[in-house]
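What follows is the residue order along each chain.
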Amino acid sequence: ALEGNRGWVDIRLREAVAVNAITLEHVHRDVAYDITSAPKSVKILGWNTTKSPSAGAKVLGSIRYRLLDGQGGSAMQTFELDGASGAVVDHV
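These figures come from a predicted structure and were not determined experimentally.

**Q** Help me understand the overall build of the protein chain in this model?
**A** Secondary structure summary: the protein chain contains zero helices and six strands in total. Moving toward the C terminus, one meets the helices and strands of the protein chain in the order β-β-β-β-β-β. Taken across its 92 residues, the protein chain has 29% of its residues classed as buried. Here the contacts in the protein chain between residues at least 6 apart in sequence split such that 62% fall between residues at least 24 apart. For the protein chain, the computed accessible surface area is about 6500 Å², with 50% contributed by carbon and sulfur atoms.

Shown next, in the form of C-alpha cells:
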C-alpha cells in the first residue's frame, strides 16, 4: 500500500512494447477497508531502457479512476492512452 496522496509504481516489461491502453483495478468496495484509498488522478509515463523516469520519460496519458460511490465506475477500468502514439517502452 502507498501512503499519502502521492505514489509511484514502476512496472518493467519483459520487452519493449507499444502501450495503447492500461487497466487499473482497485479492491471492490464490498471488501475494501477504505474505498477512498483508490487512485484518482493518474499520470502514465513510459520510458525505454533507463532506470530513471526523469531521463527521457514520455507522458503516455493521464487518467481519472472513478470510485464506485455513485460515479459509475467499476473496480476494474481500462483507459485508452492518447499520448502513446506508437511510443515503444519497456517501463511504465
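**Q** Teacher, can you tell me more about the side chain of Asp 90 here?
**A** Residue position: Asp 90 is located in strand E6 (residues 88-91). Nearest to the buried, unbridged Asp 90 among oppositely charged side chains is Arg 12, at 4.2 Å.

**Q** Quick question: what am I supposed to make of the environment of Gly 86 here?
**A** Here Gly 86 lies in the loop between strand E5 (76-80) and E6. The exposure class of Gly 86 is exposed, given its relative accessible area of 53%. Along the backbone, Gly 86 and Asn 20 are 66 residues apart, and their C-alpha atoms lie at a distance of 7.8 Å.

Calculation notes
Residues numbered from 1 in each chain as written. Predicted model: local features only at pLDDT ≥ 70, side-chain atom pairs only at ≥ 80, totals over all residues. Heavy atoms only, no water. Helix = DSSP H or I, 4+ residues; strand = E, 2+ residues; numbered from the N terminus. Buried < 20%, exposed > 50% of the residue type's maximum accessible area, 1.4 Å probe, protein only. Contact = heavy atoms within 4.5 Å. Areas by Shrake-Rupley, 256 points an atom, 1.4 Å probe, with all protein chains shown as cover. Lys, Arg positive; Asp, Glu negative; His and termini not counted. Salt bridge = Lys/Arg side-chain N within 4 Å of Asp/Glu carboxyl O.

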